[in-house]
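Per-entry structural report
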Amino acid sequence: MKVRRHGDGRAVVYARYTRESNFRGARDYRAARGVVLPAGCSDYDICGAIRAVCSDIATAEHADEDAGRWPTLADECVADMPAEVL
């Protein structure tokens, strides 16, 4: 999961999931999702985009129990955003 905010105010939120296996008959899984937010987007918009990207990638094809990790990842990413002075 990556969040990048450009100097002009645009933000890019994206995530990639890859699982490769060397076992015979096992499948490899790959998924990538992301959004570009326009200039002037707020931190609330970015939080919403983080949750949306994580939700989209959790519903993509995945291995085992990996889908359950994405909501936790979204919560952790939102919690890691810079604090604001109130």
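I will try to describe carefully the structure that is included in this document. The shown structure was predicted, so the numbers you read here are calculated from the model rather than taken from an experiment. Position numbers for residues start from 1 in each chain and track the written sequence from start to end. Selection of residues for local features in this predicted model requires a pLDDT of at least 70, selection of side-chain atom pairs for listing and counting requires 80 or more, and totals for whole chains, interfaces and linings are taken over all residues. Side-chain descriptors were evaluated using all non-hydrogen atoms of the structure, hydrogens and water having been removed beforehand.

To continue, consider the overall build of the protein. Put simply, DSSP marks the helices as runs of H or I at least four residues long and the strands as runs of E at least two long, and each gets a number from the N terminus on. Helix and strand counts for the protein stand at two helices and three strands. Helices and strands in the protein line up, N terminus first, as β-β-β-α-α. Overall, the protein is about 55 × 25 × 20 Å in size when its C-alpha atoms are taken along their principal axes. Buried residues are those whose accessible area, probed at 1.4 Å on protein chains only, stays under 20% of the maximum for their type, while exposed residues exceed 50% and partly exposed ones sit between those limits. Here the protein, with 86 residues, has 29% of them falling under the buried criterion. The contact criterion used throughout is that any non-hydrogen atoms of two residues lie within 4.5 Å. Within the protein, contacts between residues separated by at least 24 positions form 55% of all contacts whose residues are at least 6 apart in sequence. Here, Shrake-Rupley sampling with a 1.4 Å probe gives the accessible areas, and only protein chains in the shown set may cover a residue. Of the roughly 6,100 Å² that the protein leaves accessible, carbon and sulfur atoms contribute 50%. Here the protein carries 12 positive and 14 negative side-chain charges, and the mean point of each set is 7 Å from the other. When charges are counted, Lys and Arg contribute as positive and Asp and Glu as negative, whereas His and the chain ends are disregarded. Note that the charge is assigned to NZ on lysines, CZ on arginines, CG on aspartates and CD on glutamates.

Let's shift gears to the nonpolar core. Among buried residues, those of type Ala, Val, Leu, Ile, Met, Phe, Trp, Tyr and Cys that are joined through side-chain atoms within 4.5 Å constitute a nonpolar core. If you look at the biggest cluster of nonpolar residues, it comprises 19 residues, and the most contacted ones within it are Val13, Tyr17, Leu37, Ile46, Ile50, Ile57 and Trp70. Secondary structure elements with two or more residues in this core: β2 (11-19), β3 (29-37), α1 (43-59) and α2 (69-79). Looking at which element gives the most residues to this core, the answer is α1, with seven residues. Apart from residues lying up to four places away in sequence, Val13 is in contact with Met1, Lys2, Val3, Arg33, Gly34, Val35, Ile46, Ala49, Ile50 and Val53.

Time to look at the packing of α1 against α2. A fitted line through C-alpha atoms represents every axis, and for helices the fit uses only the stretch in contact; the resulting angles, taken between N-to-C directions, go from 0 to 180 degrees. Where α1 meets α2, the closest approach of the two axes is 9 Å, and the angle between their N-to-C directions is 165 degrees. With respect to α2, the element α1 is oriented roughly antiparallel. Here the hand of the crossing between α1 and α2 comes out right-handed. Where α1 approaches α2, its residues Cys47, Ile50, Arg51, Cys54, Ile57 and Ala58 are matched on the opposing element by Trp70, Leu73, Ala74, Asp75, Cys77 and Val78. What sets the label is the angle itself: under 35 degrees gives roughly parallel, over 145 gives roughly antiparallel, 65 to 115 gives roughly perpendicular, and the rest give oblique. Crossing handedness follows the turn of the near helix against the far one: under a right angle anticlockwise gives a left-handed crossing, and clockwise gives a right-handed one.

So far we have only geometry, and geometry alone does not tell us how the molecule works.
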